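Analysis of the macromolecular model
So you can see what is in the structure, the chains are spelled out below.
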Amino acid sequence: MSIKGRIPKVLAAALLTGGVSAAALMMVTQPRAQTTPAAPPAPAAMAAPTDNPAPAGFMPMADVPFFAEWASSPHANKKAEPFNHWNKEGNIPGVCARCHSTPGLRDFLGADGSAAGKVDHPAPVGTVITCVACHNDKTVNLTSVTFPSGKKAENQGSAAICMTCHQGVESAVSVSAKLKGIADDTVEPKLDFINVHYAAAGAMLFGSQANAGFEYPGKTYAGRFAHKEPYVTCTNCHDLHTVAVKVDDCAACHKEVTDKASLHSIRTSKVDRDGNGNINEGVAQEVEHLRGKLLAAIVDYAKTVNGKPVFYDLEAYPYFFNDKNDNGKADKGEAIFPNRYKAWTPRLMKAAYNYQFITKDPGAFAHNGPYAIELLQDSISDLGAKVKVDLGKAVRP
């Protein structure tokens, strides 16, 4: 159902620019029951000031369908780093604008009248992901997504727009290409950390079918995670506008679930995956234990094989830094770009890449626990060719 002709022209311009002002959102009038993205109208005049009451014939912001839900989501957080990183530059590079601005995403989709599949121009700063980024005449029929590996997922319905961004920017293909011709344990000073990017949940969900994680030769890996019906797509498990997990839905089958934190207690198998002998802890806890083992092996390898101690910082780009005094933590002045780790070998890079992929998807245990566990176990084992590791009696999925 089109919203053309149903909203004032002043709104059309504001929505299509992807601005974050209240005026740009206070007049949306699509029905509450609508779930299929609707095509936006053509742009017109500028929006009315936001510090005045809604003019006659305009819908008050409080009455906008799903406004409160959207406003509470990460997509609406105009103070967040993902929407402010380029403020000093004044615009967002096309490669980043695709998922860090409304104009950029619309450009990539072709919803701005340009060719789809690329961002033609840098996007202005100052926007978030607004209504028309995901609800437009192009997303109505968008059902497929192409991952950074080049692999494509067809017939994904409305989840395709989610995975257009939540897929990362690197893959096993790009990692292999950047490491080609370098011996496993040879330090290559020209290498910088290969960062998969953040919240690549769609790629995690599809496992080997997306080929986002580095998959070791001779091993087999889980494909798309098949949760029981009807919880098989993004919006089956996440609220469409808040993007919050539907905890009550989880609790209907997983009786241990009482709140978001208790999702980490979910377990459906009595097989020990992390090798600690505990077959009652949640899948999330097993993933966390394996992550800890992998990071310990990364640190050990960097020090004993490369002779260059390293530490990991979750919040500071590019995450791996020289540990100058070898104390295992970030001291003042260490977690900065000039001190980024530069003693990468292919073996270390593959393990660190997988560590980051799983770390930056906090829901990896739910999106595709088997795939995450396989990547962690295999990364640990590969480092084990050079340093001591202990997987105990961990069973691979």
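Residues numbered from 1 in each chain as written. Predicted model: local features only at pLDDT ≥ 70, side-chain atom pairs only at ≥ 80, totals over all residues. Heavy atoms only, no water.

1. Some thoughts on the packing of helix 11 (residues 283-304) against helix 13 (residues 364-383)
Direction vectors running N to C along helix 11 and helix 13 enclose 25°, while the axes themselves pass 9 Å from each other. With respect to helix 13, the axis of helix 11 lies roughly parallel. Pair helix 11 / helix 13 crosses with left-handed handedness. From helix 11, Val283, Ala284, Val287, Leu290, Arg291, Lys293, Leu294, Ala297, Ile298 and Tyr301 reach across to helix 13, where they touch Phe365, Gly369, Ile373, Leu376, Gln377, Ser379, Ile380 and Leu383. Of the residues belonging to the contact of helix 11 with helix 13, the class tally is 13 nonpolar, 3 polar and 2 charged. (Axes fitted to C-alpha atoms, helices over the stretch in contact; angles between N-to-C directions. Helix = DSSP H or I, 4+ residues; strand = E, 2+ residues; numbered from the N terminus. Parallel < 35°, antiparallel > 145°, perpendicular 65-115°, else oblique. Left-handed = near helix turned anticlockwise from the far one by under 90°. Contact = heavy atoms within 4.5 Å. Nonpolar A, V, L, I, M, F, W, Y, C, P; charged D, E, K, R; others polar.)

2. Notes on the state of the cysteines
All chains considered together, the criterion is met by 1 disulfide. Sulfur-sulfur distance for the disulfide between Cys99 and Cys165 comes to 2.2 Å. Every disulfide takes its handedness from the sign of the S-S torsion; for Cys99 and Cys165 that torsion is -100°, giving left-handed. Highlighted residues: Cys99 in helix 3 (residues 94-100) and Cys165 in helix 6 (residues 159-165), separated in sequence by 66 residues. (Disulfide = S-S within 2.5 Å.)

3. A word on the nonpolar core
Of all hydrophobic cores here, the largest spans 62 residues; its most connected members are Ile298, Phe320, Trp344 and Phe357. When residues of this core are traced back to their parent elements, those giving at least two are helix 6, helix 7 (172-179), helix 8 (201-206), helix 11, strand 5 (310-312), helix 12 (346-359) and helix 13. Excluding residues that lie within four positions of it along the chain, Phe357 makes contacts with Val196, Ala200, Ala203, Met204, Ala212, Gly213, Tyr371 and Leu375. One finds Trp70, Ala80, Val119 and Ala123 within the second-largest nonpolar core, a separate group that totals 18 residues. (Core = buried A, V, L, I, M, F, W, Y, C linked by side-chain atoms within 4.5 Å. Buried < 20%, exposed > 50% of the residue type's maximum accessible area, 1.4 Å probe, protein only.)

4. Some thoughts on unusual backbone geometry
A cis amide bond links Glu229 to the next residue, Pro230, at an omega of 0°. By secondary structure assignment, the location of Pro230 is in the loop between helix 8 and helix 9 (234-237). Phi angles above zero are rare outside glycine, and Val243 is one such case at about 65°. Here Val243 shows up in the loop between helix 9 and helix 10 (247-253). Of the residues examined, Val243 reaches a relative accessible area of 27% and is grouped as partly exposed. Even without being glycine, Asp326 reaches a positive phi, approximately 55°. Tracing the backbone through its elements, the reader meets Asp326 in the loop between strand 6 (320-322) and helix 12.

5. Observations concerning helix 13
The end-to-end C-alpha distance of helix 13, which contains 20 residues, comes to just 22 Å, noticeably less than the 28 Å that a straight helix rising 1.5 Å per residue would cover. The sharpest bend along helix 13 comes to roughly 70°, located at Pro370. Counting buried positions over the 20 residues of helix 13 gives 17, a clear majority of the element. (Expected span 1.5 Å × (residues − 1). Bend = angle between axes of the 7 residues up to and from the residue.)

6. What to know about the packing of aromatic side chains
One pass over the full model with this rule turns up 15 aromatic pairs. Look at Tyr198 and Tyr319: their rings are 6.1 Å apart centre to centre, the planes differ by 70°, and that puts the pair in the edge-to-face class. Of this pair, Tyr198 sits in the loop between helix 7 and helix 8 while Tyr319 sits in the loop between strand 5 and strand 6, and the two are 121 residues apart along the sequence. What makes Tyr198 partly exposed here is its relative accessible area of 28%. Judged by relative accessible area, which is 4%, Tyr319 ranks as buried. A centroid spacing of 5.1 Å and a plane angle of 85° characterise the contact between Phe214 and Tyr216, whose relative ring orientation is edge-to-face. Judged on exposure class, the residue Phe214 and its partner Tyr216 are both buried. Here the aromatic residues Phe193, Tyr198, Tyr312, Tyr317, Tyr319, Phe320, Phe337, Tyr341, Trp344 and Tyr355 are joined through ring pairs into a cluster of three or more. Residue placement shows Arg224 over the ring face of Phe206; its charged tip is 4.9 Å from the ring centre. One residue, Arg396, lies across the ring of Tyr221, its end atom 5.0 Å from the ring centre. (Phe/Tyr/Trp six-rings, centres within 6.5 Å; stacked < 30°, edge-to-face > 60°. Lys NZ or Arg CZ within 6 Å of the ring centre and 35° of its normal.)

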